[in-house]
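Observations on the three-dimensional arrangement
Residue-level listing of the chains:
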Amino acid sequence: MKKLFLIGLMLISYAAFSQTEGYKIGDVVKDFSLKNINNKNLSLADFKDAKGFIIVFTCNTCPVAKAYQERVAELNVDYASKGYPVIAINPNDAEAVPDESFEKMQALAKEKNFLFPYLLDPDHIVTKQFGASRTPHVFVLNKTDKGNIVEYIGAIDNDPEVENAGRTNYVKNAISDLSAGKKPVIASTKAIGCGIKWKKG
């Protein structure tokens, strides 16, 4: 049943995917300030030594986002020390889905021992700037003299059910290319997951 549900979400995601607004590859990202689960606001500028960022729009409740929680944590463990920390952002409206509340975010982060920021975007301002449409939806940024440049947009990998023996790790490969001074060979894929729960009105 779980497998069929995830397959259904994948098909919906592929059918609905169309990033007509938001950042594109090569765009410079505007800095933002959002509240972290420690009740302090956080911005990209706070990471003075970062070489770039792994921005992950994710949430508490989506089955696909849940399936990727450990892999998001692994990305932070593997790459934060190399200059590419994970910054997770919850774009969902808690009035539409109460389990997406800030308090529930704090509880999840404590339960799962998140070692990366988990920020709340209550008015979808940053979410719309990026053009995120799914949870999870990833944007890999590279810090340059011009600012933080979008170098990859899409899925973490092509294995949402952890059953693909030939998994392609899109985010890991993108960062590997960037670390070697190259542009990612694959710069864009289709984000697979649940649609973002937007505020009504």
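Here is what the cut-offs are and how they apply
- Residues numbered from 1 in each chain as written.
- Predicted model: local features only at pLDDT ≥ 70, side-chain atom pairs only at ≥ 80, totals over all residues.
- Heavy atoms only, no water.
- Helix = DSSP H or I, 4+ residues; strand = E, 2+ residues; numbered from the N terminus.
- Polar contact = N/O pair within 3.5 Å; in protein donor to acceptor, adjacent residues only side chain to side chain.
- Contact = heavy atoms within 4.5 Å.
- Phe/Tyr/Trp six-rings, centres within 6.5 Å; stacked < 30°, edge-to-face > 60°.
- Buried < 20%, exposed > 50% of the residue type's maximum accessible area, 1.4 Å probe, protein only.
- 1 Å grid on protein atoms, 1.4 Å probe; cavity = no way out; pocket = protein on both sides within 12 Å on 5 of 7 lines; lining within 4 Å.
- Points joined across faces, edges and corners; volume = space filled by probe spheres on them.
- Nonpolar A, V, L, I, M, F, W, Y, C, P; charged D, E, K, R; others polar.

In the nomenclature of an unreviewed UniProt entry, the chain corresponds to Thioredoxin family protein from the organism Pedobacter punctiformis.

Residue position: aspartate 121 is located in the loop between strand 6 (118-120) and helix 5 (125-130). A polar contact is formed between the side chain of aspartate 121 and the backbone nitrogen of isoleucine 125, at a distance of 3.3 Å. For aspartate 121, the residues in contact, after removing those within four places along its chain, are Leu34, Ile89, Asn90, Pro91, Val126 and Thr127.

So, about the packing of aromatic side chains. Under the defined criterion, the tally for this structure stands at eight aromatic pairs. Considering the side-chain rings of tyrosine 23 and phenylalanine 130, the 5.0 Å spacing of their centres and the 90° angle between planes classify their relative orientation as edge-to-face. Here tyrosine 23, found in the loop between helix 1 (2-16) and strand 1 (28-29), pairs with phenylalanine 130, found in helix 5; they are 107 residues apart in sequence, far enough to count as distant. As far as the burial class goes, tyrosine 23 and phenylalanine 130 line up, both buried. On the basis of an interplanar angle of 70° and a centroid distance of 5.7 Å, the ring pair of phenylalanine 114 and tyrosine 118 is categorised as edge-to-face.

Moving on, we come to empty space enclosed by the protein. Evaluated as defined, the whole model comprises two cavities of 30 Å³ or more. Size it by volume and the largest cavity reaches roughly 70 Å³. Lining the largest cavity are Thr58, Cys59, Gln69, Val72, Ala88, Leu108, Phe114, Phe116 and Tyr118. By volume, the second largest cavity is sized at about 40 Å³. Looking at the second largest cavity, the residues that line it are Tyr68, Pro136, Gly154, Ala155, Ile156, Asp157 and Ile192. Grouping the amino acids of the lining of the second largest cavity by side-chain chemistry returns five nonpolar, one polar and one charged.

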